[in-house]
Amino acid sequence: MFEHYRGDSELRRLVAAKAAAHPMAGKLGADVVQFFKQSVDKRQRKFGKIAKCWEVLVPQKLAEHCALESLHRGQLTVIVDSSSHLYELKQMLLEGLERQLMLSCQSAGLKKVILKPGRWYEGAAAQVRW
């Protein structure tokens, strides 16, 4: 019944071969903190101030149809979900909203607001063109 059994030394050799030592990975803590400071925190300080001003200055019913997409070189890109809301927001910007935003967010470096049509969904960045 146990004719293939070769002894304890053979068993130990097989167990040792199967239990291979894996190299220890480095800790991520310092790298994650550095990434957070360079990417997330820096962006949040600038973008967060603009988002608060946007929330105060843009009417709630219109703000529900907009999403602040990015801030690059002083240009705030805003996605608007329909052409009628895009037109309404563009008119508000021309009537003085853009100037108010630029004055309120001067410390964040805001220089211009760019509107673009599109849609956004949680978890997916699907764009729609008109």
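Residues numbered from 1 in each chain as written. Predicted model: local features only at pLDDT ≥ 70, side-chain atom pairs only at ≥ 80, totals over all residues. Heavy atoms only, no water.

1. Looking at the sheet that holds strand 1 (residues 66-72)
Read across the open sheet, the 3 strands follow the order 1-2-3; overall the sheet is mixed. Edge positions in the sheet fall to strand 1 and strand 3 (112-117), since each has one partner strand and no second. Each adjacent strand pair in this sheet contributes to an overall mean axis angle of 25°, direction not counted. Where strand 2 (residues 75-80) and strand 3 come together, 6 bridges link them in parallel fashion. Residue pairing for strand 3: Leu 76 is matched across the bridge by Val 113. Along the sheet, helix 4 (residues 83-104) contacts strand 1, strand 2 and strand 3; its crossing angle with strand 3, the most-contacted strand, is approximately 170°. (Pairing = 2+ DSSP bridges. Helix = DSSP H or I, 4+ residues; strand = E, 2+ residues; numbered from the N terminus. Axes fitted to C-alpha atoms, helices over the stretch in contact; angles between N-to-C directions. Contact = heavy atoms within 4.5 Å.)

2. Topic: the environment of Glu 98
Along the chain, Glu 98 falls in helix 4. Between the C-alpha atoms of Glu 98 and Lys 111, which are 13 residues apart in sequence, the distance is 9.0 Å. Not counting the four nearest positions on each side in its chain, Glu 98 is found in contact with Leu 93, Lys 112 and Val 113. At 3.0 Å, the side chain of Glu 98 forms a polar contact with the backbone nitrogen of Val 113. (Polar contact = N/O pair within 3.5 Å; in protein donor to acceptor, adjacent residues only side chain to side chain.)

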